[in-house]
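Here's the letter readout for the chains.
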Amino acid sequence: MDKSLFTVGKSIYKRQLAVILFIISLSYKIVMLPKYMSIAASRDSALVMVVMMAIETVMFFLVYATITRSSILDAGFNKWFLKAMLALLLFSSSIKLVALLPETLDYISSILFEEGKWFFIIVSLLPVIGYIAYKGMNTIARLSEIIIWFVILAIAFTVLFMKVNLDFANLFPILDDGVEPLGNAIDKHFLWFGDFTPLLIVRLAREDKTRFERAYPPLSMILLDFAVIGFFVAFIAIYGNVASYIDHAFSNIGVYNKISDMLGGVDFPIIIVWLMMSIIKLSFLLYTVTECTAGIIKEKMSDKGKLIIVTAALVIVSLILIFAIDNIDTSYEFATSDIRYFVMASEYLVPLIAFIATAVKSKKSKEEVSDNSGRKNEIAVRQNFEIAEVLKEPAFGGKNEENN
């Protein structure tokens, strides 16, 4: 069996981190967000994504620099300081879970089924997400390694066999309405960004299986930037002024291809690929909610305790989606309400605080090791000196024998 499917203990390899960050960030940026951005910024939505992905890249490197030192769970922080960070992560991940899940429900109900009822989708989908979240980061990492090959094939299929008219004139003129639409688009859609903050609780394996493993996550981030920005450029180039009317961008672009002309509709695999990506993303958010809740309640939570947390979270989310946020429009109103500012503050401040805190902690640890090493060397020198002095002295009673 392929050893790449295994992790070390509760930690994951850096190549697995590279796959996870690509999936969790790409998934919800290529479905409804292109439409929302087009409504807010029209043809300049691609430019908005350039700005936001630049910010995302900076945030990723902050998170990556932090977890290569230590997960915040293992950094040895003050108990209340750690609980405060976990509470912020719990809040932002809970809100995003509730806000993004309706996109998946709408995707399934409108594409896989004809006006499928959300209730039945919730009953069938949430237990799957809950089970993956309960099994933990190892399971998420292993599934991501499997799914990424389907994602690559879907993207390659779409690019190679695309049958659309890419009119790049649709992207111009740039900033025809000034910078205000860009500001509004960024301001309203913070909830679709800040994907890497929950990675602060991830434990990375200390040993690298290859010389280049440390470089995999940064390379994945660069590929992600090109994928997201390239997708938005293609979306505007294809749809132009009607982009604001196109739901489920990823599946709609995938429909138009040369293979469909010969074999009929072949968009089903692409639809399933995105569904797999969304399940990984939602499972990761629920896993974060579980781990943060467990960390706040008790330092070491049993598996039974985590199962109770996962079950309670699923029940609460289900009730919210059935009785409060029961359609995609209500979901968008919730995601763009004032609560987004609290989520933004949490997701952009926590990585910065964690980076500084782990850097200080790491520096103190090195100083302590250096001091201890210095003391040990000093003791060793002193002991060696004392041994040398003893060896110089004559044997007991030697002087008296000479005098006699």
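Okay, so let's go over this structure.

What counts, and at which threshold
Residues numbered from 1 in each chain as written. Predicted model: local features only at pLDDT ≥ 70, side-chain atom pairs only at ≥ 80, totals over all residues. Heavy atoms only, no water. Axes fitted to C-alpha atoms, helices over the stretch in contact; angles between N-to-C directions. Helix = DSSP H or I, 4+ residues; strand = E, 2+ residues; numbered from the N terminus. Parallel < 35°, antiparallel > 145°, perpendicular 65-115°, else oblique. Left-handed = near helix turned anticlockwise from the far one by under 90°. Contact = heavy atoms within 4.5 Å. Nonpolar A, V, L, I, M, F, W, Y, C, P; charged D, E, K, R; others polar. Expected span 1.5 Å × (residues − 1). Polar contact = N/O pair within 3.5 Å; in protein donor to acceptor, adjacent residues only side chain to side chain. Phe/Tyr/Trp six-rings, centres within 6.5 Å; stacked < 30°, edge-to-face > 60°. Lys NZ or Arg CZ within 6 Å of the ring centre and 35° of its normal.

**Details of the packing of helix α5 (residues 118–135) against helix α12 (residues 303–323)**
- Interaxial distance between α5 and α12 falls to 10 Å at its minimum, and their mutual angle equals 155 degrees. It follows from the interaxial angle that α5 and α12 lie roughly antiparallel. Relative to α12, the crossing made by α5 is right-handed. In this structure, α5 contributes W118, F119, I122, L126, G130 and Y134 to the contact, and α12 contributes D303, K306, L307, V310, L314, V317, S318, L321 and I322.
- By residue class, the composition of the contact of α5 with α12 is 11 nonpolar, 2 polar and 2 charged.

**Quick notes on helix α4 (residues 79–112)**
- Over its 34 residues, α4 runs 47 Å from end to end, which matches the ideal 50 Å to within 8%, given 1.5 Å per residue.
- Measuring from the side-chain oxygen of the N-cap residue of α4 to the backbone nitrogen of W80 gives 2.9 Å; that N-cap residue is N78.

**With respect to the packing of aromatic side chains**
- Taken as a whole and assessed by the stated rule, the structure comprises 14 aromatic pairs.
- On the basis of an interplanar angle of 65 degrees and a centroid distance of 5.1 Å, the ring pair of F60 and F61 is categorised as edge-to-face.
- Centre to centre, the rings of F77 and F81 are 5.3 Å apart; their planes meet at 85 degrees, and the pair counts as edge-to-face.
- Here the aromatic residues F60, F61, Y64 and F196 are joined through ring pairs into a cluster of three or more.
- Taking NZ or CZ as reference, K83 lies 4.9 Å from the ring centre of W80, over its face.

These figures capture arrangement, not role.
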